[in-house]
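# Structural overview
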Amino acid sequence: MFIVQSVFKGKGYRDCNGTFNEPKKIEDIDATENVPMTCRGFSGQTMAHKKITSGGGLIMKIASPVHDYNGPNSRRWRNVLLTGIAGAVVALGGCLSDSSGSGNDPNAVATLSTVPDNLSINPTGTCSMAGIGATKLTADDTVTILDAAAGTTGTGPTDKAYCLVKVKVAQAINIWVAMPTSAWNGRFRSEGGGVYVGSVGVAADSVRQGFVGVQTDTGHTSSIPPPFPALLDGSFGMLSPGVPNNPLQTDFAYRSEHLMAVIGKQLVKAFYSQDPVRSYWYGCSTGGRQGLMMAQRFPDDYDAILAGAPAIHWDRFQAAQIWAQVVMRQELAVAGVPGAPMLTAKLNLARARAVATCDAADGVTDGVIGDPRTCTYDPTTDANITNSACASTDGTCLSMAEATSITKMWGGARDTLGNLLWPGFERGADLNPMAGATPFVAPIQQGKYWVYFDPNWDWTTLTYANFPTWFKDNIAKVGPLMATQDPDLSKFRARGGKLIMYHGWADPLIMPEGTTLYWDDVNQTLTKASVPVDFAKLYMVPGMGHCSGGAGPNSFGQGSSGAVPADTTHDIFRALMAWSEKGTSPQAIVATKFPNDVVTQPVQITRPLCPYPQVAKYKGSGSTDDAANFTCVNP
């Protein structure tokens, strides 16, 4: 589909490169003029559209105000149509087709131009308020450039100087765009945040690698003073007791991330006099959810997305994060007094026994459970550690009630009939973040400020009996805005997008089976619609915790640059870039384990991460610490 934008009242239009142009009335266009065409639509006011068809297919869609201007048979409309058809190839150049694909073919995919490897672009603008700071930016509300100043990521050999432009979009979205002042690699990269975000900084690691780096506070700052981390404060979701803060919730859910692309790309154009050759999303946890939200809701914003441990099903998994505490209060109760949390040593004991029992199931004994879904270890039947005489103060054993509690934590949140509400954490994951002496704060914040809008809501009122109601209340109040679980990614695929997800099997904060459930849902949905899932891959990481860490190999380019070689074999983001820019589909990614996760130490173990559902299998000879001695196979 070709799109001609004709926009009035100072709004202008964007050409195939995203350049903003002055308004042009339809009567000013004739058949000899090159008509600017946008490939991704107009990011401004909603316009009425006229569709011009030929035969059964849509030739182009013309955006204009509601005025008819003598209808589609007028000379002015015919001239636009003729010009658009005659100049389509030239005008569109290397830009994208409409994100819905070509015609009625569900397999049609827009072709993105290949990108040179070693671009080195210097700015044409100046880093000052009088220079880049004077850029006129457009968005869906008032935009203000707060500051434009030079900075540097440090003094090391890989550090770079940058121009930092601080932007505020009403109501209160702060966006910081850091642009290298020399040797820009031509790429744009938005960095996602964590939990409830609430702060913004310089995207230093992106800049070090030559990217334009963008961050946002997602539209709010923490109302609780330090040392309480800003990212754990969800109170912005409530305007006043009983009243949700819908605008700030929306800004957090998706608007701020979309505006990172809208604002950031305008500044790139102004500073370098050209558009990014590729636009990437890079994030884990909340950042993973944000990336998937862009693929689902704004498929044209980013060419490729890396989404780690994605906090999708935000309504469900955060409701289930309090399950471990509810279990202990119920199972460890004495004479009607709710039970207290177990000792850390007891939780660690059960985890160690599970790993020892299930470690060798994948053919290698390495202290890691390859696929914990295959592990059925039950401490209630393990007489080596569980006995009726075990005291609550003894960290070397479990009572039967304690063993039952841990088994129920692994088994996931359930209703009183035993029906699964949400998966639990896997055997091998650290249970302390959820079952420790202090409950994890995120579900409590969600209950107070997103579900019941009552800052005095008390999580200790939750029991086995009312937990299903709590779970349903979260789905009803939080799900419509925050769930981020739409499996129909066909528009993202059709516009040429590429997606890589990853998740650690030992994640102690976000249940990894939520990600595999979403992956299965995407595959089923698209397959049913005859759309190939050839644009997305999932990598499950044995033994890795939340985004990093854990007992298994856990460094593969998903963290700070420089830890592993920046190539498509060891660095998952470089593999994503090669997929988007060269069409090279990634296969196994080599993950590295450093001693105590200190990346300056010699490599301890390497192991292939296989595209899900494949798993790494030892070939039977050679060191089990070397990825070369493993192959990816179907389970």
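The structure reproduced in this document is the subject of the present report. (Residues numbered from 1 in each chain as written. Predicted model: local features only at pLDDT ≥ 70, side-chain atom pairs only at ≥ 80, totals over all residues. Heavy atoms only, no water.)

## Some points on the overall build of the chain
Across its full length, the chain holds 15 helices and 23 strands. Residue pairs in contact within the chain that sit at least 24 positions apart in sequence constitute 66% of those at least 6 positions apart. Of the accessible surface of the chain, which amounts to about 25,700 Å², a share of 52% is contributed by carbon and sulfur atoms. (Helix = DSSP H or I, 4+ residues; strand = E, 2+ residues; numbered from the N terminus. Contact = heavy atoms within 4.5 Å. Areas by Shrake-Rupley, 256 points an atom, 1.4 Å probe, with all protein chains shown as cover.)

## Looking at the state of the cysteines
Any covalent bond linking the sulfur atoms of two cysteines counts as a disulfide. Enumeration according to the criterion identifies 5 disulfides in this entry. Between Cys127 and Cys163 runs a disulfide, and the two sulfur atoms are separated by 2.2 Å. On the sign convention where negative is left-handed, the bridge of Cys127 and Cys163, at about 90° about the S-S bond, is right-handed. Of the two residues, Cys127 sits in the loop between helix H2 (88-92) and strand S7 (143-152) while Cys163 sits in strand S8 (residues 161-169), which places them 36 residues apart along the sequence. We classify Cys163 as buried; its relative accessible area is 0%. Each sulfur in the disulfide pair Cys358 and Cys375 lies 2.0 Å from the other. Across the S-S bond linking Cys358 and Cys375, the dihedral sits near 70°, which makes this disulfide right-handed. (Disulfide = S-S within 2.5 Å. Buried < 20%, exposed > 50% of the residue type's maximum accessible area, 1.4 Å probe, protein only.)

## Describing the pairing of strand S20 (residues 589-593)
Put simply, side chains in a regular strand alternate between the two faces of the sheet. The buried count for S20 comes to 5 of 5 residues, which makes it a mostly enclosed element. Of the two faces of S20, both are covered, the one formed by Ile589, Ala591 and Lys593 as well as the one formed by Val590 and Thr592. Note that S20 and strand S21 (residues 605-609) share 5 bridges and pair antiparallel. Looking at S21, one finds that Ile589 is bridged to Leu609. (Pairing = 2+ DSSP bridges.)

## Observations regarding helix H8 (residues 344-358)
Its 15 residues place the ends of H8 21 Å apart at the C-alpha level, agreeing with the 21 Å of an ideal helix rising 1.5 Å per residue. What H8 keeps buried is the set Lys346, Leu347, Leu349, Ala350, Ala354, Val355 and Cys358. Residues of H8 that are buried make contact with helix H9 (400-411) and helix H10 (432-435). (Expected span 1.5 Å × (residues − 1).)

## Some details on unusual backbone geometry
Between Ala170 and the following residue, Gln171, the backbone shows a cis peptide bond with an omega angle of 10°. The topology assignment puts Gln171 in the loop between S8 and strand S9 (173-180). In the segment running from Tyr612 into Pro613, the intervening peptide bond is cis, with an omega of 15°. Considering the arrangement of structural elements, one finds Pro613 in the loop between S21 and strand S22 (615-618). The backbone of Val195 sits at a positive phi, close to 45°, despite the residue not being glycine. With respect to the helices and strands, Val195 occurs in the loop between strand S10 (187-191) and helix H3 (204-208). A positive phi is found at Asn596, a non-glycine position, where the angle reads about 55°. Along the chain, Asn596 turns up in the loop between S20 and S21. A relative accessible area of 74% means that Asn596 is categorised as exposed.

## What to know about the environment of Asp521
Along the chain, the position of Asp521 falls in helix H14 (residues 512-528). With a relative accessible area of 33%, Asp521 lands in the partly exposed category. Through-space distance from the C-alpha of Asp521 to that of Pro487 is 5.9 Å; in sequence the pair is 34 residues apart.

## A few points about the side chain of Ser256
Examined against the element boundaries, Ser256 turns out to sit in helix H4 (residues 246-272). Polar side-chain contacts of Ser256 include one of 3.4 Å to the side chain of Glu257. If we ignore the near neighbours within four places in the chain, the residues touching Ser256 are Ile173, Ile175, Thr216, Thr218 and Asp251. (Polar contact = N/O pair within 3.5 Å; in protein donor to acceptor, adjacent residues only side chain to side chain.)

## Looking at the pattern of salt bridges
All chains considered together, the criterion is met by 18 salt bridges. Linking Asp303 and Arg495 is a salt bridge whose minimum nitrogen-to-oxygen distance equals 3.0 Å. With a gap of 192 residues between them, Asp303 in the loop between helix H5 (286-297) and strand S15 (304-308) and Arg495 in the loop between helix H13 (490-494) and strand S18 (498-504) connect regions that are remote in the sequence. Here Asp303 and Arg495 have matching classes, each one buried. (Salt bridge = Lys/Arg side-chain N within 4 Å of Asp/Glu carboxyl O.)

## So, the sheet that holds S7
An order of S7-S8-S9-S11-S10-S14-S15-S18-S19 is seen for the 9 strands of this open sheet, with the pairing classed as mixed. Strands with a single pairing partner mark the edges of an open sheet, and in this sheet they are S7 and strand S19 (536-541). Adjacent strand axes in the sheet meet at a mean angle of 15°, parallel and antiparallel pairs treated alike. Sheet analysis places S10 next to strand S11 (residues 212-216), joined by 3 bridges and oriented parallel. Residue Arg189 lies in a different strand from S11, and its bridge partner there is Gly213. Contacting S7, S8, S9, S10, S11 and strand S14 (278-284), H4 runs over the sheet at an angle of about 35° to S9. Against the sheet, H5 makes contact with S14, S15 and S18, and its axis sits at roughly 140° relative to S14, the strand it touches most. (Axes fitted to C-alpha atoms, helices over the stretch in contact; angles between N-to-C directions.)

## Structural notes on the packing of aromatic side chains
Across all of its chains, the model carries 25 aromatic pairs by this definition. On the numbers, 5.5 Å between centres and 50° between planes, the contact of Tyr618 with Phe630 is tilted. Residue Tyr618 is located in strand S22, and its partner Phe630 is located in strand S23 (residues 630-633); the two are separated by 12 residues in the primary sequence. Exposure remark for Phe630: the relative accessible area of 7% places this residue in the buried category. Here the aromatic cluster, defined as three or more aromatic residues joined through ring pairs, consists of Tyr196, Phe236, Phe252, Trp314, Phe317 and Trp450. In this arrangement the basic side chain of Lys265 is found over the ring face of Tyr302, its NZ or CZ atom lying 6.0 Å from the centre. The positively charged end of Arg289 is found above the aromatic ring belonging to Trp314, 5.6 Å away from the centroid. (Phe/Tyr/Trp six-rings, centres within 6.5 Å; stacked < 30°, edge-to-face > 60°. Lys NZ or Arg CZ within 6 Å of the ring centre and 35° of its normal.)

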